[in-house]
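Reading the structure
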Amino acid sequence: MRLRNYQIDAVRSVVRGFKEHDSLLCCLPTGTGKTVILSHIVKLATKGRVLVIAHREELIEQLAATIRNLGLDVGIEMAERRATEQWWTPPQVVVATVQTLVANERRRLEELVPEPDLWSLTIVDEAHHAPAQTYLQILDHMRQNDSHRILGVTATPDRADETAMGAVFDHVAFEYGTDTAIQDGWLVPVKQHAVVVDGLSYAKVRTTAGDLNGKDLAKVMEEEQTLHRMSVPTFELADGRPTVMFCVSVEQAERMADIFNRMDPNCARSVSGKTPKDERRKLFRDYADGKFQILTNCMVASEGWDAPHVQVVALARPTKSRALFAQMVGRGLRPLPGTVDPHLEAEDRKVSIATSAKPACDVLDYAGNAG
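Summary of the structure given here. (Residues numbered from 1 in each chain as written. Predicted model: local features only at pLDDT ≥ 70, side-chain atom pairs only at ≥ 80, totals over all residues. Heavy atoms only, no water.)

Our next topic: the side chain of Ser 352. Relative to the assigned elements, Ser 352 resides in helix α12 (residues 346-354). A residue is classified by how much of its surface remains accessible, and Ser 352, at 16% relative accessible area, is buried. (Helix = DSSP H or I, 4+ residues; strand = E, 2+ residues; numbered from the N terminus. Buried < 20%, exposed > 50% of the residue type's maximum accessible area, 1.4 Å probe, protein only.)

Given below as structure tokens:
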């Protein structure tokens, strides 16, 4: 697996950073291969076992597969799955969900890591979640080893609730911005569209913890007229292209899919945290295979989900959070496979993107006429 130039810089920056700091943050936009960088850093950590933690099953499977591709033994600690199923002791790398490790008063964590001195590195994927108490419980346990190192990897190092990342990470080892990645020809450019929806008003939506209040927002976005007035321009602007729509509630996601399907039968499906895991996996596979055009979702496609064929991102979940906005838009910024990696120069990559079947990502923002 050949690393891109900025990925090499990221790995080197982390290696250098650990000579002076115990905990580092590595920031790269969605679509630039954070998992690949993370995997190569894992491979360099040969002095002890490595724990990689994330908060969602899709992330766990993706991380484990990428690290295995580098020839390392990887165990998964998640729900009923145990990292020691194939080994007497934990393998060199364990990928685990945060929820599993802290369940039952951290019993699983203490069973997996009874001796922190044997573990040299903990990596936190989607590290903007790290200030949460569940993450801190795990990191405090691993820090019983005085020489333990912690690395956070994220596309969005800021949080809507303004909780300081500096409480967890000492130093930012590497930062690569979305604008720079677009200019370097690694991500597709953005075409922004403001969709004015008559009667839509955010005036009565409160702000809670730095973002629009979910319950207030749901009432506004679930109104029947609003749903229909959003669906028609969305359907027209998408023009048959693969589209992902972010919604504020499960009900909004389901109703939007129903409306789209009345416009074009079987063109849309909805997914949320309530969707059974097996059904969710199949739905994502079907979408990737082009079996339907529009995926409406309630906060399950904003992290850890790769769909390079997405050409339209519909933001039917307004937000004040720059981090959430970047996560949602980032789902559509990956170029089509094989478009950029064969080219060494940025201008050649940008030309390749411009002449591909996905020359840009169209982002639809829904503007009200009040508030």
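Let us look at the sheet that holds strand β2 (residues 49-54). Strand order in the open sheet made by the seven strands is β3-β4-β2-β5-β6-β1-β7, with parallel pairing throughout. A strand with exactly one partner marks an edge of an open sheet, and here the two such strands are β3 (74-77) and β7 (171-175). Averaged over all pairs of adjacent strands, the angle between strand axes in this sheet comes to 20°, irrespective of strand direction. Bridge count between β2 and strand β4 (residues 93-97): five bridges; the pairing is parallel. Considered in β4, the bridge of Val 52 is made with Val 95. Along the sheet, helix α1 (residues 5-17) makes contact with β1 (23-27), β6 (149-154) and β7, crossing β7 at roughly 165°. (Pairing = 2+ DSSP bridges. Axes fitted to C-alpha atoms, helices over the stretch in contact; angles between N-to-C directions. Contact = heavy atoms within 4.5 Å.)

We now examine the nonpolar core. Counting 64 residues, the largest nonpolar core has Val 52 and Leu 151 as its most contacted members. Setting aside residues no more than four positions away along its own chain, Leu 151 makes contact with Val 14, Phe 18, Leu 24, Cys 26, Ile 41, Leu 121, Thr 122, Ile 123, Val 124 and Phe 169. Ala 218, Met 245, Cys 247 and Ala 268 belong to the second largest nonpolar core, which has 29 residues in total. (Core = buried A, V, L, I, M, F, W, Y, C linked by side-chain atoms within 4.5 Å.)

Attention now moves to the packing of α1 against helix α2 (residues 34-44). At a minimum axis distance of 10 Å, the contact between α1 and α2 shows a crossing angle of 40°. Of the possible angle classes, the one that applies to α1 and α2 is oblique. In the crossing of α1 with α2, the sense of the turn from one axis to the other is right-handed. In contact with Gln 7, Ala 10, Val 11, Val 14 and Val 15 of α1, α2 contributes Val 36, Ile 37, His 40, Ile 41 and Leu 44. Partitioning the contact of α1 with α2 into residue classes produces eight nonpolar, two polar and no charged. (Parallel < 35°, antiparallel > 145°, perpendicular 65-115°, else oblique. Left-handed = near helix turned anticlockwise from the far one by under 90°. Nonpolar A, V, L, I, M, F, W, Y, C, P; charged D, E, K, R; others polar.)

Below, the discussion takes up helix α3 (residues 57-68). Between the first and last C-alpha of α3 there are 17 Å, a value that for twelve residues agrees with the 16 Å anticipated at 1.5 Å per step. Among the residues of α3, those classed as buried are Glu 57, Glu 58, Leu 59, Ile 60, Leu 63, Ala 64, Thr 66 and Ile 67. On its buried face, α3 is in contact with α2, β2, β3, β4, β5 (119-125) and α10 (277-288). (Expected span 1.5 Å × (residues − 1).)

Looking now at the environment of Ala 307. Mapped onto the elements of the fold, Ala 307 is located in the loop between β13 (294-298) and β14 (312-316). The exposure class assigned to Ala 307 is buried, which follows from its relative accessible area of 3%. When the C-alpha positions of Ala 307 and Gly 332 are compared, they lie 7.5 Å apart, and in sequence the two are 25 residues distant.

The next thing to look at is the packing of aromatic side chains. In the structure shown here, the tally under the stated rule is four aromatic pairs. Ring centres of Tyr 6 and Tyr 176 lie 4.5 Å apart, and the angle between their planes is 15°; on these two criteria the pair is classed as stacked. One end of the pair, Tyr 6, is in helix α1; the other, Tyr 176, is in the loop between β7 and α6 (178-183), and 170 residues separate them in sequence. Taking relative accessible area as the criterion, Tyr 6 reaches 3% and is therefore assigned buried. Look at Tyr 6 and Trp 186: their rings are 5.7 Å apart centre to centre, the planes differ by 65°, and that puts the pair in the edge-to-face class. On the criterion of sequence distance, the pair formed by Tyr 6 in helix α1 and Trp 186 in the loop between α6 and β8 (190-196) is long-range, its members being 180 residues apart. Just as Tyr 6 is buried, Trp 186 falls in that class too. Taken together through their ring pairs, the aromatic side chains of Tyr 6, Phe 174, Tyr 176 and Trp 186 make up a single cluster. (Phe/Tyr/Trp six-rings, centres within 6.5 Å; stacked < 30°, edge-to-face > 60°.)

So yeah, pure geometry; function would need other evidence.
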